[in-house]
Amino acid sequence: MAATHPSLPHKLTSVKALAESPGLSSIPSLYTFPKHTNDEVFSDTEESIPTLDFSLLTSPDTDERSKAVQELGKACQDWGFFMVTNHGVRESLMKAIIEASREFFELTEEEKRGFEGKHVLDPIRYGTSFNASVDKILCWRDYLKIFQHPQFHSPNKPPVFREIAAEYSKKVRQVAKEILRGVSESLGLEDNYIDKTLNLEHGLQVLAANLYPPCPQPELAMGFPAHSDHGLLTLLIQNQIGGLQVQHHGKWVSIDPIPNSFLANIGDHIEILSNGKYKSVLHRAVVNNRDVRISIAMPHGPALDAVVSPAPKLVEGERNPPAYRAMKYKDYLELQQSSMLNGKSCLESVRKYM
Ligand code: OGA
Ligand code: NI
């Protein structure tokens, strides 16, 4: 593996440092992605992604709630991606976590390197690209990934980070838990099925801050190539700069950021648990040549030692046999995070072929 980048210096520079090098007018060839001919992109005004009104999902009115659960199920089945509004997380807190992340990326290169993880399961991991030690083409992205639950971790710089991250993560985890309760119900399972079976009390929650600096040749580079997320449910916010694209019916659709909402998507482990009824969806982040884009993705997963398999109730004998092998979440995570990013190839590896 070590010989993948013979021309790179021992320490990879961040994309931020690269983007800020004086007079940079083209990107190094290592950042050039092959063009896909079928990559026509549509805007979400033509194909609009569903919206979940969170206040209806938590409504004491049972009719209102069951309607919201039904709509949630439809959104999971049709898109696997949806906007969440009226979620109760303060807008000022959402802005604060984005600004605290920006401040982290503004630390010196040396300071940031102090947070480089050695292993994919290290609770704090700063880095560039996706997995720079195996990526053949580098992504136009720097990142900071921090485990927030079951144990809370935080870098000690910038000083504001810890308190903001702790509050943000706690609030977002509540939203995720409620949505997962609705997902359980929409699948015809008990509302606490996911919570109990996958031990969400000790579930993994990761704060993944992504930095996409302006790129002089945005059409040649890629911020985050097509992938699906591990875990159950990811909730994402961004600094009002677009770049996220979602695959829907074989087409890429650009998602415009709506202020004060979350973008939610189903992860691979809901696909496994639902025996393929709700599919995790391919998405990617493209870059631009004007603005710094920051996004905060928060995947919520099972407990690391939970074994995930299709829910028995959703498996019906010969008509609908289990389509995925049972696998420990931790093993899946290690496999996905230490491999080269390649669409849904990790999920394919637990799929059973009949
Ligand atoms: C992710 C992700 C997209 C974005 O972090 O998993 O898909 O818009 N990010 O940054
Ligand atoms: Ni993602």
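Please read these numbers as outputs of a predicted model, since none were measured by experiment.

(A) Representation of the environment of Thr32. Here Thr32 is to be found in the loop between α1 (15-19) and β1 (41-43). Taking C-alpha positions, Thr32 is 8.7 Å from Cys139, a pair spaced 107 residues apart along the chain. If near-sequence neighbours (up to four positions away) are discounted, Thr32 is found in contact with Ile27, Ile137 and Leu220.

(B) Up close: the confidence of the model for the protein chain. For the protein chain, mean pLDDT is 91; residues scoring 70 or higher make up 93% of the total. Here residues 1-10 scores under 50 on pLDDT; set against residues more than four positions off or in separate chains, the count is 13 contacts.

(C) Structural view of the sheet that holds strand β5 (residues 142-149). Read from one edge to the other, the open sheet built from eight strands follows the order β2-β3-β11-β8-β13-β6-β5-β4, with strand pairing classed as mixed. The open sheet terminates on both sides in strands that have one partner only, identified here as β2 (51-53) and β4 (124-128). Across the sheet, the axes of successive neighbouring strands diverge by a mean angle of 25 degrees, strand direction being ignored. Bridge analysis of strand β8 (residues 233-238) against strand β13 (residues 293-303) gives six bridges, and the strand direction is antiparallel. Each residue of the ladder has a partner; that of Leu235, found in β13, is Met298.

(D) How the structure looks around the nonpolar core. Phe82, Tyr168, Ile179, Ile194 and Leu235 are the most contacted members of the largest nonpolar core, which has 76 residues in total. By residue number, the principal contributor to this core is helix α6 (residues 161-186), which donates 10 residues. Those residues in contact with Tyr168 that sit more than four places away from it in its chain are Val89, Leu93, Met94, Ile97, Ile237, Phe262, Ile296 and Met298. Core analysis: the second largest hydrophobic core is formed by 14 residues, Val15, Cys139, Ala285 and Val287 among them.

(E) Molecular detail of the UniProt feature "domain: Fe2OG dioxygenase" (unreviewed entry) in the protein chain. As annotated by UniProt and renumbered to match this structure, "domain: Fe2OG dioxygenase" (unreviewed entry) occupies residues 202-302. Along residues 202-302 the backbone is 6% helical and 47% strand, and the end-to-end C-alpha distance reaches 7 Å.

(F) Looking closely at the coordination of the nickel ion (ligand 2). Donor atoms from the polypeptide that bind the nickel ion (ligand 2) are His227 (NE2), Asp229 (OD) and His283 (NE2), placed at 2.1 Å. Sequence spacing among the residues donating to the nickel ion (ligand 2) works out to H-x1-D-x53-H. Placement of the pair is Asp229 in the loop between β7 (224-227) and β8 and His283 in strand β12 (residues 283-285), with a sequence separation of 54 residues. As far as the burial class goes, Asp229 and His283 line up, both buried.

(G) Representation of the site of ligand 1 within the structure. All residues in the neighbourhood of ligand 1 are listed as Asn210, Tyr212, Phe224, His227, Asp229, Leu236, Leu244, His283, Ala285, Arg293, Ser295 and Ala297. Side-chain polar atom of Asn210 to an oxygen atom of ligand 1: 3.1 Å apart, as the coordinates give it. Asp229 has a polar side-chain atom sitting 3.3 Å from an oxygen atom of ligand 1. Mapped by element, the contributors of at least two residues to the shell around ligand 1 are β6 (203-212), β7, β12 and β13. Sorting elements by how many residues they give to the shell around ligand 1 places β13 first, with three residues. Residues belonging to the shell around ligand 1 are distributed by class as follows: six nonpolar, four polar and two charged.

(H) Quick peek at the packing of aromatic side chains. Summed over the entire model, instances satisfying the criterion amount to five aromatic pairs. Here the aromatic cluster, defined as three or more aromatic residues joined through ring pairs, consists of Phe104, Phe105, Phe115 and Tyr126. One cation-aromatic arrangement involves Lys145 over Tyr143; the distance from NZ or CZ to the ring centre is 5.0 Å. Against the face of Trp252 rests Arg284, its NZ or CZ located 4.1 Å from the ring centre.

(I) Fine view of helix α3 (residues 62-78). End to end, α3 covers 24 Å across 17 residues, agreeing with the expected 24 Å (1.5 Å per residue, within 8%). Among all positions of α3, only Arg65, Ala68, Val69, Leu72, Gly73, Ala75 and Cys76 are buried. Looking down the long axis of α3, one finds its buried residues gathered within 160 degrees of arc, a one-sided arrangement. Looking at α3, the residues exposed on the side facing more than 90 degrees away from the buried face are Asp63, Lys67, Gln70 and Lys74. With a side-chain oxygen positioned 3.0 Å from the backbone nitrogen of Asp63, the residue opening α3 is Asp61. Of the residues one or two after α3, Gly80 is the one with positive phi, at around 75 degrees.

Definitions and cut-offs
Residues numbered from 1 in each chain as written. Chains lettered and ligands numbered in written order. Predicted model: local features only at pLDDT ≥ 70, side-chain atom pairs only at ≥ 80, totals over all residues. Heavy atoms only, no water. Helix = DSSP H or I, 4+ residues; strand = E, 2+ residues; numbered from the N terminus. Contact = heavy atoms within 4.5 Å. pLDDT = per-residue confidence, 0-100. Pairing = 2+ DSSP bridges. Axes fitted to C-alpha atoms, helices over the stretch in contact; angles between N-to-C directions. Core = buried A, V, L, I, M, F, W, Y, C linked by side-chain atoms within 4.5 Å. Buried < 20%, exposed > 50% of the residue type's maximum accessible area, 1.4 Å probe, protein only. UniProt positions renumbered as here; feature names shortened; annotations may be inferred. Donors = N, O, S within 2.8 Å, 3.2 Å for Na, K, Ca; no water. Near = heavy atom within 4 Å. Polar contact = N/O pair within 3.5 Å; in protein donor to acceptor, adjacent residues only side chain to side chain. Nonpolar A, V, L, I, M, F, W, Y, C, P; charged D, E, K, R; others polar. Phe/Tyr/Trp six-rings, centres within 6.5 Å; stacked < 30°, edge-to-face > 60°. Lys NZ or Arg CZ within 6 Å of the ring centre and 35° of its normal. Expected span 1.5 Å × (residues − 1). Arc of directions from axis to C-beta.

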